[in-house]
Amino acid sequence: MFFYSHLGHKIASDLLTHKSRTALAISSIAIGLFVIGTLLGMMDLQLGSMDNAHRQSQPSHISLILRQDADRAIADTLKNIDGVANIDLLTQFTAQYKTPQSSQWQTGTVIFRPDYQSQRYDLMGLVSGDFPKDQHIAAERLSAQYAKLDIGDNIEFAMAKGSEIVSLSGIIRHPFVKPPAFGGQLHFFIAPELAPAFGIPADSFRQVLVQIQAPYSADKARDIAGKLRAELAKSGIAVNATLLQNPDEHWGRAIFSGIHLVLTVMAWASLALSSVLILNTITALITQQTDQIGIMKSVGASRWTIASIYLSEVLILSLIALIIAIPLSWAGAFFSSRWLLGLFNIELADFAYSPRALYFMIVGGLTAPLLAALWPIWKGAAMSVRQAIGSYGLGADFASGGFDRWLERRATSLLPTIYAVALGNLLRRKARLFWTQSVLIIAGVLFIIIMSLMASVKLTLDNELARSRYAVRLGFSQDQAADTVTPIVQSIASTTNVEFWNRLPAELSQHGQLLKQSGSLGVQMIALPVQTNMYQPLIVAGRWFDQSDEGQQHLVLNAATAEVNGIQVGDSLQVKVFGKNPITENTNQDWQVIGLYRWFAGSGYAVEPVYAPLSSILTDNRHSFALLAANINSLDEEITYIDALKTAFAGQQIKLDIYTTLSKLEQRQFAQNQFRPLTSMLLGLASMIAAVGAIGLSGTLAIGVLQRTREIGVLRAIGASSSAIFKLFMLEGLFHGLLAWLLSIPLAYVLAEPLAKQLGITMLGIHLDFVFAWMAEGIWLVVVLILAVLAAYLPARKATRIIVRVGLGY
C-alpha cells in the first residue's frame, strides 16, 4: 500500500514530526472554511427561509392603511375594481395596557380580523393556545417574548368605559411586525365582538389587503392601488400609506442582500488569507528539506514525484481541515440564522444546512491551499542536485541589500543588541514577512473601517437629531384642532413649544407616469409652516422653504426619488392629494420642485415624505401632527414625558397614531439597536480574520525556530540564557504586531471613508456622515500586540528548550 511505501513514510513523517506546525496549518484552513461555510450557509438559510415564510403567509400584493374606520359594505365595491382578485380586511388601533410585569400604562397596538379562521392574505398563524374569542385575547409572538407574557396572564386595557382585565389565551405570529427591541409596540389580537369596548365598530376596517389578478407586476399593482385609493376617496376615506409587496420575495430580502454582498467578499477573502499560512509553511518546509530533495533527486526522483509528495501533504491538511470545519459551519450557520430570522419573526425550528455552502467549502477548501502551495513546491522541486545538497539552510539573507545594511547599522547604533537582532530576524525572510503582515494588516484595516462605520452611524444619528429640534412628535389617528391639543400638551410641565403639521396621502406623477418612490409605503405630503422651528432636513440641491413660499405650490422632494425619476430642481410635477377639503383634492395640479433633501431611513419600508407649505393646503385648522419642544436631557426624562402625554390624551379620548408618534431619543436608541447586529457580525468576522493572522504569525515564528535551530545552538554555546532567547522571539513577534499596526493606519485612513460610506448604502440603506474613528487605532494597537504576544509565546518557549547538542547537530 502507498501509505507503507517510502513516499508514504516521508509524508507521514513530515506531518507528524512537527505536530504544532501541522496543527497551525489545519487550524488556519479550518477557520477560513468555517467562515465561508457559516456565512454562505447563513445567506442561503436566511433568504430561503424568509421567502418560504413570506409565500406561506399568502402575502397581499397591496396593503392600504386607512386614516379612519370604513364600513365593510365598501369592501364589496373594492372587490369589483378591474384587476382585483380578492381582498381581506383587518383593523389596527392603539390602546393603553398594563401587563403583570409592569404597573405603568403603556401604549400598544390592537388588531382584529373579521374571522381568524378564514384569513385570506397576510396570514397570522397560531403559535400556541387559541385564537381570540369573547373576552380572551392573544399576543403577538415577539411581543410575548419581549414582555415575558404567558398564556393565562391577565392584561388590563383602557377601554371606552374604563379599564378592564382580559385573559391571554393564545400566541400568534404576525408576518409583518416591527420587533419591540427595534422600537415596535407590543401587539395584541382581539375578537371582533370585543372591538366596541374600545370604541371601534365591530363591522368596520382600517386596512385593506389586496391580491391582484395574475400575472403580478409592480407596475400593475401600483396602477390598481391608485384605483383603490380613488374609489375610497369617493366615500371620503383617505389612505395614509400604501404598501406594495412582491409575492415571491420577503420584504426584508433587500436588507439581507446588501449585507450578504459584503459578507460574501469577506468570506472568500478569509479563505485566501488562511491559505497564506500554507504558503509560509510549505516554503519553510521546502527550505528546511532542500538536502532531502537533493538526495531524492540523486536517486532518480523526478520533479513531479517530489512535487506530488508535498502536494499530497497539503491535500491531507485540507481534508482534515474540511472534516473539522464542515460540522462547525453547519452549526454556526443554523444557530446564527435562527437568531437573525427571529428578529424578523420567522422561526427556523428544524435543523437545515446549505448544499451550496457545502459545495463551495469542498471546492475552496481543496483548491485554495493547493494553489497557494503550488508555486513554492514546484520551485523547490525544480532545484538541481548540486543546488539542493549545497544549501545549508542557515538563512543568512538579511543585510544582503543596501537598505538592509543601512537598517542594520542604524539598529545596532540606536537599539540594544537583542532588539537589533530581533529586528533583523523580522526582515530576514521578506516574502514570508509580506504574507504574514498582509493578514494582520487586512484584519487591522477591516477593524478600523468597521469602527469608523459604527462611529459614522452614531454621527449620522446625532446630526439627524440635531436637525430635529422637537422632543416628541405626536401623530393623531384623526386630525385634531389646535385649540384642543394645545391646552393638553401645555399642561405637561416640561413642554416649551408646540407646532402643528398636516399629512395628506398624495400621488406624484410626471408626464402622466406615476413616480417611483424609494420608500415602499408610498408617498405622503407633509404640510408644515414655511418658517418651522422644529425640523429641517439636509438639503442637497436647491433650497428649503422661506417666507416667499407662503401659499405657493412648491415641493421639497427626496433626492433618491428624484434621481430614480430623473427629476431636477425647477421641474414641475403633477400632484393629486387626497384628504379632507384640500385645494387639490382628486385633481392633478402642477407643483414646482424647489429643493431636494437627503432622506434618513434605515430601510425602504417607510412612508416617503414630500414637504409642502402648510398655507398651500386649505384646512379647517385641524392637524395630523403636533411637534413638541420640551426640556428633556435624558432618555429616562423623555420616557416619563411621553408617558404623561399619552395618559393625558387618553384621558381626553384622543387616539394617537401608532406609526407616526415617536420620541427622539428613544428612536435614536432603537436605530442603534437596529444597526448593532450588523456591526457586531462584521466585528465578529474581523475577529476571525485577526485570529487567522495570529495563527499565521505563530506559524511564522514556529517555522523561524525550526529554521534557526542551529543558530540557537550556537547562541547557547556562547552563553546565551534561556530568558534572552525567549525575549528574542517575543520581541520578533511584537515587532510583527507593531509593524502591522503602523502600516494599517495610512491604509485604513485612505480606505475607511469610501468603504464605510458604501457599507452604509449597501447594508443600512443610508448615506452616512463619515468620521474616522481615531480611537480605533489605539484599540487595534492593544489588540494586535496582545495577539502578537499570544502568537509568539509557544514558539519562544520552544526555542528555550533547544539544548546545545541538539542545536549544533541539527
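Residues numbered from 1 in each chain as written. Predicted model: local features only at pLDDT ≥ 70, side-chain atom pairs only at ≥ 80, totals over all residues. Heavy atoms only, no water.

(A) The arrangement of the overall build of the chain in detail. Along the chain, the regular secondary structure elements total 21 helices and 21 strands. When each of the 810 residues of the chain is scored for burial, the buried share is 54%. Of the contacts made within the chain by residues no fewer than 6 positions apart, 83% connect residues no fewer than 24 positions apart. Surface summary for the chain: the accessible area is close to 34,200 Å², and the carbon and sulfur share equals 59%. (Helix = DSSP H or I, 4+ residues; strand = E, 2+ residues; numbered from the N terminus. Buried < 20%, exposed > 50% of the residue type's maximum accessible area, 1.4 Å probe, protein only. Contact = heavy atoms within 4.5 Å. Areas by Shrake-Rupley, 256 points an atom, 1.4 Å probe, with all protein chains shown as cover.)

(B) Structural detail: unusual backbone geometry. The omega torsion across Ala214 and Pro215 is 0 degrees, close enough to zero to call that bond cis. By the secondary structure assignment, Pro215 is in the loop between strand S9 (204-212) and helix H5 (218-234). Positioned with a positive phi, Asp134 is a non-glycine residue whose angle comes to about 55 degrees. Examined against the element boundaries, Asp134 turns out to sit in the loop between strand S4 (125-129) and strand S5 (136-140). For Gln653, which is not glycine, the phi torsion reads 60 degrees and is therefore positive. Relative to the assigned elements, Gln653 resides in the loop between helix H16 (635-651) and strand S21 (662-663). For Gln653, a relative accessible area of 58% puts it in the exposed group.

(C) Examining the packing of aromatic side chains more closely. Under the defined criterion, the tally for this structure stands at 21 aromatic pairs. Between Trp501 and Tyr535, the aromatic rings sit 6.5 Å apart at their centres with planes inclined by 50 degrees, giving tilted as the arrangement. Here Trp501, found in strand S12 (residues 495-510), pairs with Tyr535, found in the loop between strand S14 (523-528) and strand S15 (538-542); they are 34 residues apart in sequence, far enough to count as distant. Note on Phe772 and Trp774: the rings are 4.6 Å apart at their centroids and 70 degrees apart in plane angle, and the pair reads as edge-to-face. Here Trp774 falls in the exposed class, since its relative accessible area comes to 53%. For Arg473, the ring lying beneath its charged end belongs to Phe625, and the centroid distance is 4.9 Å. (Phe/Tyr/Trp six-rings, centres within 6.5 Å; stacked < 30°, edge-to-face > 60°. Lys NZ or Arg CZ within 6 Å of the ring centre and 35° of its normal.)

(D) Focus on the packing of helix H14 (residues 482-490) against H16. Contact pair H14 / H16: the axes reach a minimum separation of 10 Å and the direction vectors enclose 135 degrees. Classified by the interaxial angle, the pair formed by H14 and H16 is oblique. Crossing geometry of H14 relative to H16 is assigned as right-handed. Together, Val485, Ile488 and Val489 of H14 and Leu645, Ala648 and Phe649 of H16 make up the contact between the two elements. Of the residues in the contact of H14 with H16, the class split is six nonpolar, no polar and no charged. (Axes fitted to C-alpha atoms, helices over the stretch in contact; angles between N-to-C directions. Parallel < 35°, antiparallel > 145°, perpendicular 65-115°, else oblique. Left-handed = near helix turned anticlockwise from the far one by under 90°. Nonpolar A, V, L, I, M, F, W, Y, C, P; charged D, E, K, R; others polar.)

(E) Region of interest: the side chain of Gln245. Inspection of the secondary structure puts Gln245 in the loop between strand S10 (239-244) and helix H6 (253-288). In terms of polar contacts, Gln245 uses its side chain to reach the backbone carbonyl oxygen of Ser60, at 3.0 Å. Here Gln245 is in contact with His54, Pro59, Ser60, His61, Asp122, Tyr216 and Trp251, once residues within four sequence places are set aside. (Polar contact = N/O pair within 3.5 Å; in protein donor to acceptor, adjacent residues only side chain to side chain.)

(F) Quick peek at a nonpolar patch on the surface. On the surface, Leu747, Tyr749, Val750, Leu751, Leu755 and Trp774 cluster together to form a nonpolar patch covering roughly 610 Å² of accessible area. Structurally, Leu747 can be placed in helix H19 (residues 722-764). (Patch = residues over 30% accessible without salt bridge, like charges linked within 9 Å, V, L, I, M, F, W, Y side chains within 5 Å. Salt bridge = Lys/Arg side-chain N within 4 Å of Asp/Glu carboxyl O.)

(G) Highlighting the confidence of the model for the chain. The pLDDT averaged across the chain works out to 81; a share of 87% of its residues lies at or above 70. Mean pLDDT per element in the chain: helix H10 (residues 385-389) is the minimum at 65, and strand S8 (residues 187-189) is the maximum at 94. A low-confidence stretch, residues 392-399 stays under pLDDT 50, and its non-local contacts, those more than four residues away or across chains, total 18 contacts. This model gives residues 580-586 a pLDDT under 50, and the stretch forms 20 contacts once residues within four places in sequence are excluded. (pLDDT = per-residue confidence, 0-100.)

(H) Structural context of the pairing of strand S11 (residues 472-481). Burial runs high along S11: nine of the ten residues are buried. The pairing of S11 with strand S20 (residues 622-630) spans six bridges and is classified as antiparallel. Looking at the pairing, Gln480 lines up with His623 of S20. Pairing of S11 with S21, which is carried by two bridges, proceeds in the antiparallel orientation. Across the sheet, residue Val472 finds its bridge partner in S21, namely Ser663. (Pairing = 2+ DSSP bridges.)

(I) Local environment of the pairing of strand S3 (residues 106-112). Of all seven residues that make up S3, six are buried, and the element is covered over most of its length. One ladder, built from seven bridges, connects strand S2 (residues 84-98) with S3; its direction is antiparallel. Directly across from Gln96, in S3, lies its bridge partner Thr107. Pairing of S3 with S8 involves three bridges; the strand directions are parallel. When the bridges of S8 are listed, Thr109 appears paired with His187.

(J) Seen up close, the packing of helix H8 (residues 303-343) against helix H9 (residues 355-381). The contact between H8 and H9 brings their axes to 9 Å, and the two run at 155 degrees. By the angle class used here, H8 and H9 are roughly antiparallel. Considering the relative orientation of H8 and H9, their crossing is right-handed. Grouping the constituent residues of the contact of H8 with H9 by class yields 23 nonpolar, three polar and one charged.

(K) Main features of H14. Within H14, burial applies to Ala482, Val485, Ile488 and Val489. Looking straight down H14, one finds that the buried residues subtend no more than 135 degrees of arc, so they occupy a single side. When the buried face of H14 is taken as reference, the exposed residues oriented beyond 90 degrees from it are Asp483 and Gln490. On its buried face, H14 sits against S11, S12, S20 and H16. (Arc of directions from axis to C-beta.)

(L) Quick peek at the environment of Arg503. Note on placement: Arg503 falls in strand S12. The exposure class of Arg503 is buried, given its relative accessible area of 3%. Taking the C-alpha atoms as reference, Arg503 lies 8.4 Å from Asn240; in sequence the two are 263 residues apart. With near-sequence residues (within four places) excluded, Arg503 lies in contact with Arg67, Asn240, Phe476, Gln524, Met525, Ile526, Ser624, Phe625, Asp657 and Thr660.

(M) Region of interest: the nonpolar core. Ranked by size, the top nonpolar core spans 88 residues in total, and within it Leu33, Ile278, Tyr310 and Ile377 carry the most contacts. Among the elements that take part in this core, H8 stands out by supplying 13 residues, more than any other. Sequence-distant contacts of Tyr310, that is, excluding residues within four places in its chain, are made with Lys10, Asp14, Leu285, Ile286, Gln289, Ile293, Met296 and Ile377. (Core = buried A, V, L, I, M, F, W, Y, C linked by side-chain atoms within 4.5 Å.)

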